[in-house]
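What the coordinates show
Next come the chains, spelled out residue by residue.
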Amino acid sequence: MDLLALADFNLVARHGSFGEAARAAERPKATLSRRVSELENGLRIRLFERGPRGVRLTQEGHALYERTGALLAELSASAAAIASDSEQPRGRLRISAPALFSQIAMGKLVASFALKWPQIRMEVTTEDRPVDIIEEGYDLVIRVNPAPDESLIGRIFLRDRLVVVAKPGLQRPAGRTPVAAVIRGASDQASFWDVAGPRGKTRIFVNPVARLSSLLMVRDTVRLGVGAACLPLSLVSRDISSGTLEQWGEVDGPEIALWALYPSRRYLSARVSAFLDHLKTAFPSGVSEELAAFIGT
């Protein structure tokens, strides 16, 4: 049975005429008449007796109105309640975030968000791989410099820069002499870093003495004077300010951009919208200094 046609039938029955129903619903009278006729044809019964002075429910029409009117009213009320609830952030919010950002920031972000929106159940997965947001059931993913994806909408909420740092006292080599370096991951085969600093643009050749899977491990190792490293400014900003590490220069290359990605801007859920606003509140300007301050608080 066509529920829309049934709703139109109930509308006419409630108002007592096609004309009154059309005016109340601000719809063409001819459309209502056609939909009711289609319902009658589908049921193979006459629902209205039509006359020059209007319409009157038949016995079958009266029975159908009595049995379906309350059901349609309940359906309408349920739909309105669901729409009202959807305006309030609640339910499960599933997020995928990269490992480093999860380790240094997601805990605090989740805590402050959960205190603000206690009706939202947070689920955060730490993964550096490009997850399939639709197939794997995520509401939002956070990624670093993601590849273009036409199926996703996104916005940059943080920007960071790479800097070369070392423990004060480590001699910075000249020319092509390599410096002992701590590298992230076995796949990094870089033999030099191009940096911009007080001396202008220079090239620092490197000799990897340790390859570690985590940037936090790299930072901790460099703090102890093992060698130099290329790290995000937000991760070592406090070390530079305190003198624990010395900055040799900023790496010449693309910036680090953290994106929040979601499937569609249309009918964006209140949960995702609330978390996007939360990111904007935490990082209003989206610069590395804000992330450094957020980590340090």
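For the structure, see preceding data.
A quick note: this is a predicted structure, and the numbers were derived from the prediction, not measured.

1. Points about the overall build of the protein chain
Check the secondary structure of the protein chain and you find 9 helices and 13 strands. At 32 Å, the protein chain has a C-alpha radius of gyration far larger than the 19 Å of a compact globule built from 297 residues. Dimensions along the principal axes, computed over C-alpha positions, put the protein chain at roughly 105 × 35 × 30 Å. Looking at the protein chain as a whole, 39% of its 297 residues are labelled buried. Long-range contacts, defined here as pairs at least 24 residues apart, represent 73% of the contacts in the protein chain between residues at least 6 apart.

2. Focus: the sheet that holds strand β10 (residues 200-212)
Spatially, 6 strands are ordered β8-β10-β9-β12-β7-β11 in an open sheet, and the strand pairing comes out mixed. The sheet is open, and its two borders are formed by β8 (179-184) and β11 (229-232), each paired with just one other strand. Geometrically, the sheet is characterised by an average inter-axis angle of 55° between neighbouring strands, direction not taken into account. Inspection of the sheet shows strand β7 (residues 162-166) paired to strand β12 (residues 246-251) by 4 bridges, in the antiparallel sense. Each residue of the ladder has a partner; that of Val-165, found in β12, is Gln-247. Most of the contacts of helix α7 (residues 233-242) go to β11, to which it runs at about 105°, and overall it touches β7, β11 and β12.

3. Notes on a nonpolar patch on the surface
On the surface, a cluster of nonpolar side chains totalling about 290 Å² of accessible area is made up of Val-209, Leu-224 and Val-226. Examined against the element boundaries, Val-226 turns out to sit in the loop between α6 (215-223) and β11. Judged by its relative accessible area of 41%, Val-226 falls in the partly exposed class.

4. Description of the layout of surface pockets
Its boundaries defined by the atoms lining it, the largest pocket holds a volume of some 940 Å³. If you go around the largest pocket, you meet 40 residues; those closest to its centre are Val-144, Asn-145, Arg-184, Leu-215 and Ile-256. Secondary-structure elements contributing two or more residues to the lining of the largest pocket are α5 (99-116), β5 (140-144), β8, β9 (192-197), β11 and β13 (256-262). Of the residues belonging to the lining of the largest pocket, the class tally is 29 nonpolar, 3 polar and 8 charged.

5. Some points on the nonpolar core
A general trend in soluble globular proteins is that nonpolar side chains are found buried together. Counting 42 residues, the largest nonpolar core has Phe-101, Ile-142, Phe-157, Phe-275 and Phe-283 as its most contacted members. It is α5 that contributes the most residues to this core, 6 residues altogether. Those residues in contact with Phe-101 that sit more than four places away from it in its chain are Met-106, Leu-109, Ile-142, Phe-157, Leu-158, Leu-258, Phe-283 and Leu-291. By size, the runner-up hydrophobic cluster in this structure holds 17 residues, among which are Leu-11, Leu-32, Leu-57 and Leu-72.

6. Comments concerning the packing of aromatic side chains
Following the criterion strictly, the structure yields 7 aromatic pairs and no others. An aromatic cluster of at least three residues, connected via ring pairs, comprises Phe-101, Phe-157, Phe-283 and Phe-294. A cation over an aromatic ring shows up here: Lys-108 above the ring of Phe-294, its NZ or CZ 5.9 Å from the ring centre. One cation-aromatic arrangement involves Arg-203 over Phe-192; the distance from NZ or CZ to the ring centre is 3.8 Å.

7. Examining the environment of Phe-101
Mapped onto the secondary structure, Phe-101 falls in helix α5. Sequence separation of Phe-101 and Gln-247 is 146 residues, and the distance between their C-alpha atoms is 22 Å.

8. Notes on the sheet that holds strand β6 (residues 153-160)
Here we have 5 strands laid out as an open sheet, ordered β4-β3-β5-β13-β6, and mixed in their pairing. Since the sheet does not close on itself, it has two edges, and those belong to β4 (120-126) and β6, each with one partner. For this sheet, the mean angle separating the axes of adjacent strands, direction not counted, is 20°. Direction of pairing for β5 relative to β13: antiparallel, over a ladder of 4 bridges.

9. Points about the pairing of strand β1 (residues 48-51)
In this sheet, strand β2 (residues 54-57) lies alongside β1 in antiparallel orientation, the contact comprising 4 bridges. In the strand pairing of β2, Arg-50 is matched with Val-55. Hairpin remark: β1 followed by β2, antiparallel, with 2 residues in the connecting loop.

So, how was this worked out
- Residues numbered from 1 in each chain as written.
- Predicted model: local features only at pLDDT ≥ 70, side-chain atom pairs only at ≥ 80, totals over all residues.
- Heavy atoms only, no water.
- Helix = DSSP H or I, 4+ residues; strand = E, 2+ residues; numbered from the N terminus.
- Rg over C-alpha atoms; globule rule 2.2 N^0.38 Å.
- Buried < 20%, exposed > 50% of the residue type's maximum accessible area, 1.4 Å probe, protein only.
- Contact = heavy atoms within 4.5 Å.
- Pairing = 2+ DSSP bridges.
- Axes fitted to C-alpha atoms, helices over the stretch in contact; angles between N-to-C directions.
- Patch = residues over 30% accessible without salt bridge, like charges linked within 9 Å, V, L, I, M, F, W, Y side chains within 5 Å.
- Areas by Shrake-Rupley, 256 points an atom, 1.4 Å probe, with all protein chains shown as cover.
- Salt bridge = Lys/Arg side-chain N within 4 Å of Asp/Glu carboxyl O.
- 1 Å grid on protein atoms, 1.4 Å probe; cavity = no way out; pocket = protein on both sides within 12 Å on 5 of 7 lines; lining within 4 Å.
- Points joined across faces, edges and corners; volume = space filled by probe spheres on them.
- Nonpolar A, V, L, I, M, F, W, Y, C, P; charged D, E, K, R; others polar.
- Core = buried A, V, L, I, M, F, W, Y, C linked by side-chain atoms within 4.5 Å.
- Phe/Tyr/Trp six-rings, centres within 6.5 Å; stacked < 30°, edge-to-face > 60°.
- Lys NZ or Arg CZ within 6 Å of the ring centre and 35° of its normal.

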